[in-house]
Amino acid sequence: MPLIEILPSDLVGLPWRWIGPAQESDNDGNLWWQLTIADLPDFLVAAETRQAVLADAAEALERFLESFVGTAEWPPLPGGVILNGADPVKAAVRAAEAAGALAQPTAALEFAA
């Protein structure tokens, strides 16, 4: 079965459900701006200005997605996104486990076609 190589940078353009940017504060009066993604509860970008958080968002998302490469865990895709009419993440993990490839970090996510 041929594999399609999908890099974390390819996933940045998916229809993520962005939340913010919103200005936040703590009890000491410190202010910052933050941006999150509903589909990725562990993802957060924070900066001193709204413009800075927006400027950093795409690169931060790409780095966040890269953190999944070479692990047995994969990022959830945005709601309704299915690549190639199947569940590519589970198929890729099963194929990588069978080949013993999960022990070796890789530079790209590979999804079954």
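For every chain, the first residue of its written sequence is number 1, and the numbers climb from 1 along that sequence. With the structure being a predicted model, the display of local features is reserved for residues of pLDDT at least 70 and the display and counting of side-chain atom pairs for 80 or more, all residues being used for whole-chain, interface and lining totals. By convention in this description, side-chain values take in all heavy atoms of the structure and omit both hydrogens and water.

### Remarks on the pattern of salt bridges
Pairing between side chains becomes possible if they bear opposite charge and their charged atoms approach one another. Any carboxyl oxygen of Asp or Glu that lies within 4 Å of a side-chain nitrogen of Lys or Arg is treated as forming a salt bridge with it. A complete count under the given rule lists 3 salt bridges for this structure. In this structure, the salt-bridge partner of Asp39 is Arg17, at a minimum N-O distance of 2.9 Å. One end of the pair, Asp39, is in the loop between strand S3 (31-37) and strand S4 (40-47); the other, Arg17, is in the loop between helix H1 (8-11) and strand S2 (18-25), with 22 residues separating them in the sequence. Think of it in three bands: residues with accessible area under 20% of the maximum for their type are buried, residues over 50% are exposed, and the middle band is partly exposed, with areas taken using a 1.4 Å probe on protein chains only. Judged by relative accessible area, Arg17 falls into the partly exposed class, the value being 49%. A helix here means a DSSP run of H or I that spans at least four residues, while a strand means a run of E at least two residues long, and both kinds are numbered starting from the N terminus.

### As for the pairing of S3
Here 6 bridges tie S2 to S3, and the two strands are oriented antiparallel to one another. Paired with Ile19 across the strands is Thr36, a residue of S3. Pairs of strands are assigned from DSSP output, requiring at least two bridges between the strands. Hairpin geometry of S2 and S3 is characterised by an intervening segment of 5 residues between the two adjacent antiparallel strands and by a positive phi of about 85° at Gly29. The turn linking S3 back onto S4 is made up of 2 residues.

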